[in-house]
Amino acid sequence: MKKMTRLGGISAVLVAVSVLSCINGCKKSDENVTYKSFKGSINLSLNEYQLEGDTKEFFVDSLAKLITDDGAGIGYYVKLPLAEKSDTLKTQNGDWKVKRFTVTAPDSLNTFETSFSGYSAGYYTASATQYITVVRKGLNGNSSLTEFDIDEEDGILLDERDGREYYTTVCGNTEWMRQNLAWKGAGLPYKYCPAVDDVFGMFYSWEDAQTACPDGWRLPSDSDWLNLAAVMGVEAKPDSDIQGLAGKLMCNVRFNREKMWSYWRSVKVTDESGLSVLPTGYAQKGAVDFDFSGLFSYALLWCSDMVEDAGSFRYIYEDQDILYFGLGDRNSMLASVRCVRTLTDQQ
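A brief report on the enclosed structure follows. Here the structure is a predicted model, which is why all the values come from computation and not from measurement. (Residues numbered from 1 in each chain as written. Predicted model: local features only at pLDDT ≥ 70, side-chain atom pairs only at ≥ 80, totals over all residues. Heavy atoms only, no water.)

## Examining the packing of aromatic side chains
Then, in step 1: All chains considered together, the criterion is met by 24 aromatic pairs.
Then, in step 2: Aromatic side chains Tyr49 and Tyr190 sit 5.9 Å apart centroid to centroid with 65 degrees between the ring planes, which places their arrangement in the edge-to-face category. A residue pair is termed long-range when its members are at least 10 positions apart, and Tyr49 in strand S4 (residues 49-51) and Tyr190 in the loop between strand S15 (174-177) and helix H2 (197-200) qualify at 141 residues. For the pair formed by Tyr49 and Tyr190, the shared burial category is buried.
Then, in step 3: For the pair Phe255 and Phe296, a centre-to-centre distance of 6.4 Å together with 70 degrees between the ring planes defines the contact as edge-to-face. Taken together, the residues span a long stretch of sequence, with Phe255 in strand S17 (residues 254-255) and Phe296 in the loop between strand S20 (290-295) and strand S21 (298-307) at a distance of 41 residues.
Then, in step 4: On the basis of relative accessibility, which here comes to 16%, the residue Phe296 falls in the buried class.
Then, in step 5: One aromatic cluster is present, formed by Tyr49, Tyr190, Tyr192, Phe200, Phe203, Phe255, Phe292 and Phe296 through successive ring pairs.
Then, in step 6: Positioned above the aromatic ring of Trp183 is the side chain of Arg161, whose terminal nitrogen or guanidinium carbon lies 3.9 Å from the ring centre. (Phe/Tyr/Trp six-rings, centres within 6.5 Å; stacked < 30°, edge-to-face > 60°. Helix = DSSP H or I, 4+ residues; strand = E, 2+ residues; numbered from the N terminus. Buried < 20%, exposed > 50% of the residue type's maximum accessible area, 1.4 Å probe, protein only. Lys NZ or Arg CZ within 6 Å of the ring centre and 35° of its normal.)

Encoded structure:
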């Protein structure tokens, strides 16, 4: 069980992988041939998540910075998403086919590969490969998120700041957002990819979360979570883990046909509360940027309470039916936000 109590460190981040291979496949007849390696690098950079139809143009000269020791010419080719074969961009003899190319996210909710390679006789082929996952917004059955049940009794929250609408549900005397806040006035999208802000919501620091909710709504306190537990018939204590509540909050939604919460025998996912909590992960400040992790495993939601100079949050880890209590740095950790309002205050 991965139990968190306080977060504020550095997470590992995936980077694009460069693969070196023999230009001629290193056949047995070439066993005695000594191949050289290029100097320099290939800088292929694509957002990991993209909306269908998103495009990015690359200029070959600025993309590849490869050099040969003997001044031999270098050829380049690219393999685009859905392409059956690679396209030659420049031959080793210096003949240009095209000097730029465009990567387009296909009209299919899947993950696709793009690779760019440089070659020269007597050198190992240098390649850079990146994968993009295509995203479609909405909850209409044809979007990336499917099996999100919309009840006829659900309310609608219209955020007048950006015109975005959220489904809401009532638990006791409190109305809760059923989706993560996606207001762009603060916070960051998952892995810096704007394509998923509508799907996963934005990720906010504790400080930003305090004022992120729309007018008339607020960040929930830990007392709000305790009241929710009571409505669900679950015993709970302040600033403590709540046993037997996670499954009542979790929702069996799929992202691009993949179930987001994995099956565990110890957890029965019912979404009885109607909050439809998803495992969208979290982020921590790295050496330079924020490192995102925990997608499909963790759901972290900020609370308004501060404990010992740290921001408090509630979180779920996939393999236990527990709503955990945690503390995180108020500025170097990012988590999701659900806004609430007390119905008696609206009367």
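After that view, the rundown keeps rolling.
## With respect to the sheet that holds strand S12 (residues 145-146)
Then, in step 1: The sheet built from three strands is open, its strands ordered S12-S17-S18 with antiparallel pairing. Edge positions in the open sheet fall to S12 and strand S18 (258-259), since each of these has one partner strand only. (Pairing = 2+ DSSP bridges.)

## What about a negative patch on the surface?
Then, in step 1: Together, Asp149, Asp151, Glu152 and Glu153 make up a region of like negative charge exposed at the surface.
Then, in step 2: Structurally, the position occupied by Asp149 is in the loop between S12 and strand S13 (155-159). (Patch = residues over 30% accessible without salt bridge, like charges linked within 9 Å, V, L, I, M, F, W, Y side chains within 5 Å. Areas by Shrake-Rupley, 256 points an atom, 1.4 Å probe, with all protein chains shown as cover. Salt bridge = Lys/Arg side-chain N within 4 Å of Asp/Glu carboxyl O. Lys, Arg positive; Asp, Glu negative; His and termini not counted. Charge placed at Lys NZ, Arg CZ, Asp CG, Glu CD.)

## Considering the nonpolar core
Then, in step 1: Formed by 28 residues in total, the largest nonpolar core has its most connected members in Met177, Leu181, Tyr204, Leu300, Trp302, Val337 and Cys339.
Then, in step 2: Of all elements in the fold, only helix H3 (206-209), S21, strand S22 (310-317) and strand S23 (322-328) reach the threshold of two or more residues within this core.
Then, in step 3: Not counting the four nearest positions on each side in its chain, Val337 is found in contact with Gln179, Asn180, Leu181, Tyr204, Ala209, Cys213, Leu219, Leu301 and Trp302.
Then, in step 4: In terms of nonpolar packing, the next biggest core, distinct from the first, is built from 25 residues, Ile42, Phe58, Leu80 and Phe101 among them. (Core = buried A, V, L, I, M, F, W, Y, C linked by side-chain atoms within 4.5 Å. Contact = heavy atoms within 4.5 Å.)

## Side note on the pattern of salt bridges
Then, in step 1: With the rule as written, the count across this model stands at 19 salt bridges.
Then, in step 2: A salt bridge links Glu147 to Arg254; the shortest N-O distance between them is 2.9 Å. Separated by 107 residues along the polypeptide, Glu147 in the loop between S12 and S13 and Arg254 in strand S17 bring together distant segments of the chain.
Then, in step 3: Using a relative accessible area of 46% as the deciding quantity, one classes Glu147 as partly exposed.
Then, in step 4: What makes Arg254 partly exposed here is its relative accessible area of 26%.
Then, in step 5: A salt bridge links Asp154 to Arg178, with the nearest nitrogen and oxygen atoms 2.7 Å apart. With Asp154 in the loop between S12 and S13 and Arg178 in the loop between S15 and H2, this pair connects stretches of sequence that are 24 residues apart. The burial state of Asp154 is the same as that of Arg178; both residues are buried.
Then, in step 6: One network of salt bridges, with partners in common, ties together Glu52, Asp107 and Arg136.

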